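Observations on chain architecture
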Amino acid sequence: MSAKEFTAKTPDQLRDQLVALKKEAFNLRFQQATGQLENTARMRAVRRDVARIKTVLNQKAAEAAAN
């Protein structure tokens, strides 16, 4: 997903998606450790999506604090 798609969501939706992505990252790490991971690029994509969500959440929090 792009950062623009994340900015359109509410903080609650972003937190829910963050939890889901962290669970997915956890499962991907286990798949890699057991040699079952087929799409290694997915790990990178999930990690970057987590970072994007955290960035957008921090931006929204700073925006709310400024107002």
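Residues numbered from 1 in each chain as written. Predicted model: local features only at pLDDT ≥ 70, side-chain atom pairs only at ≥ 80, totals over all residues. Heavy atoms only, no water.

It is worth spelling out the nonpolar core at this point. Where a protein is soluble and globular, its nonpolar side chains tend to be buried together. Counting residues in hydrophobic clusters, the biggest one holds 13 residues, and the most contacted among them are L14, V46 and I53. Broken down by secondary-structure element, the contributors of at least two residues to this core are α2 (11–34) and α3 (41–66). Beyond its immediate stretch of four places on either side in the chain, V46 contacts L21, E24, A25 and L28. (Core = buried A, V, L, I, M, F, W, Y, C linked by side-chain atoms within 4.5 Å. Buried < 20%, exposed > 50% of the residue type's maximum accessible area, 1.4 Å probe, protein only. Helix = DSSP H or I, 4+ residues; strand = E, 2+ residues; numbered from the N terminus. Contact = heavy atoms within 4.5 Å.)

What follows is about the pattern of salt bridges. Any two side chains of opposite charge can pair, on the condition that their charged atoms come close. Taken as a whole, this structure holds three salt bridges when the rule is applied. Linking D12 and R15 is a salt bridge whose minimum nitrogen-to-oxygen distance equals 3.0 Å. Within this pair, D12 and its partner R15 are both found in helix α2, separated by three residues, close to a single helical turn. The exposure class assigned to R15 is partly exposed, which follows from its relative accessible area of 43%. Residue E24 pairs with R42 through a salt bridge whose shortest N-O separation is 2.7 Å. In this pair, E24 sits in helix α2 while R42 sits in helix α3, placing the two residues 18 residues apart along the sequence. (Salt bridge = Lys/Arg side-chain N within 4 Å of Asp/Glu carboxyl O.)

Our focus in this paragraph is α2. Relative to the 34 Å expected for 24 residues at 1.5 Å per residue, α2 spans 35 Å between its end C-alpha atoms, a close match to the ideal helical length. Contact partners of the buried residues in α2: α1 (3–7) and α3. Within two residues after α2, G35 carries a phi angle of roughly 80 degrees, on the positive side. (Expected span 1.5 Å × (residues − 1).)

Moving on to the confidence of the model for the protein chain. Chain-level pLDDT for the protein chain is 95 on average; 100% of the residues reach the 70-or-more range. When mean pLDDT is compared element by element in the protein chain, α2 scores highest at 97, while α1 scores lowest at 91. (pLDDT = per-residue confidence, 0-100.)

For α3, built from 26 residues, the straight-helix expectation of 38 Å at 1.5 Å per residue is met to within 8% by its first-to-last C-alpha distance of 38 Å. All of the buried residues along α3 are M43, V46, D49, V50, I53, V56 and L57. Along its buried surface, α3 packs onto α1 and α2.

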